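One-letter residues, chain by chain:
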Amino acid sequence: EVQLVESGGGLVQPGRSLKLSCVASGFTFSNYGMNWIRQAPGKGLEWVAYISSGSSYIYYAETVKGRFTISRDNAKNTLYLQMTSLRSEDTALYYCARHGSYYYDGPDWFAYWGQGTLVTVSS
Amino acid sequence: DIQMTQSPASLSASLGETVTIECRASEDIYSNLAWYQQKPGNSPQLLIYDANSLADGVPSRFSGSGSGTQYSLKINSLQSEDVASYFCQQYNNYPYTFGAGTKLELK
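Residues numbered from 1 in each chain as written. Chains lettered and ligands numbered in written order. Predicted model: local features only at pLDDT ≥ 70, side-chain atom pairs only at ≥ 80, totals over all residues. Heavy atoms only, no water.

A. Structural view of the environment of Thr 102 of chain B. Residues and elements named next belong to chain B. Relative to the assigned elements, Thr 102 resides in strand β11 (residues 102–106). In this structure Thr 102 comes out as buried when scored by relative accessible area, which is 0%. Of note is the side chain of Thr 102, whose polar atom sits 2.5 Å from the backbone oxygen of Pro 8. (Helix = DSSP H or I, 4+ residues; strand = E, 2+ residues; numbered from the N terminus. Buried < 20%, exposed > 50% of the residue type's maximum accessible area, 1.4 Å probe, protein only. Polar contact = N/O pair within 3.5 Å; in protein donor to acceptor, adjacent residues only side chain to side chain.)

B. Geometry of the layout of surface pockets. Of the voids in this model, the largest pocket is the one considered here, and its volume is about 630 Å³. In terms of lining residues, the largest pocket is bounded by 29 residues, among which Ala 111 and Tyr 112 of chain A together with Gln 45, Leu 46 and Asp 56 of chain B are the most central. It is strand β5 (residues 45–49) of chain B that contributes the most residues to the lining of the largest pocket, 4 residues altogether. In terms of residue class, the lining of the largest pocket is built from 15 nonpolar, 8 polar and 6 charged. (1 Å grid on protein atoms, 1.4 Å probe; cavity = no way out; pocket = protein on both sides within 12 Å on 5 of 7 lines; lining within 4 Å. Points joined across faces, edges and corners; volume = space filled by probe spheres on them. Nonpolar A, V, L, I, M, F, W, Y, C, P; charged D, E, K, R; others polar.)

C. Region of the structure containing the interface of chain A and chain B. Contacts between the two partners involve 21 residues from chain A and, on the opposite side, 17 residues from chain B. Interface of chain A and chain B: buried area, both sides summed, is about 1600 Å²; carbon and sulfur atoms make up 68% of it. In this assembly, chain A and chain B are joined by 0 salt bridges. Counting across the interface, chain A meets chain B through 7 residue pairs in polar contact (both at pLDDT 80 or more). (Contact = heavy atoms within 4.5 Å. Buried area = accessible area lost by both parts, 1.4 Å probe. Salt bridge = Lys/Arg side-chain N within 4 Å of Asp/Glu carboxyl O.)

Pasting the structure below:
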């Protein structure tokens, strides 16, 4: 069974940093592209960042480019999101999501989602 | 960026009814479209990918269609467990973009 378990969320002041983690199990983590997607309370979905299976390709939404860094450790089956210079508008539930296609680094759908970790940016 | 316009924003339907949700892309996305269902308090779950392919485990009353810029999700014989929000997503280009969502309720 595919499982994605996010952690690291919490209450943080504007301008501070936070690092999210997503531990994967039930599939060969190193063979899939991974993403972070967020959802502000009561709002829709916003894609945040993508990293290819071998970390060769990385893309960000313009709203987080230069502030957030996506990375992965295939040996630990873990995806990360380092968030710096946090703003109130970054307040959201952050999901990690796995791409659908095996060993494919192109754009793809989100086959599996974690339960999310809540990030609240407030003074 | 590709804009995804989803309609309606909300929908009320009766059990057993057929409902259709539409999604229009601001440019041709070549059927690189997925549909997700999100029940209250839960994470989104994949229903449809490549515009018309049913994801594993998804009931056959769900179907997707469309091409170019126009896509739709149809739910036949609405069940109580289908009460949820539904989102479309294009993956033709980065940045990935989602429709604003359709909230489906029972009448």
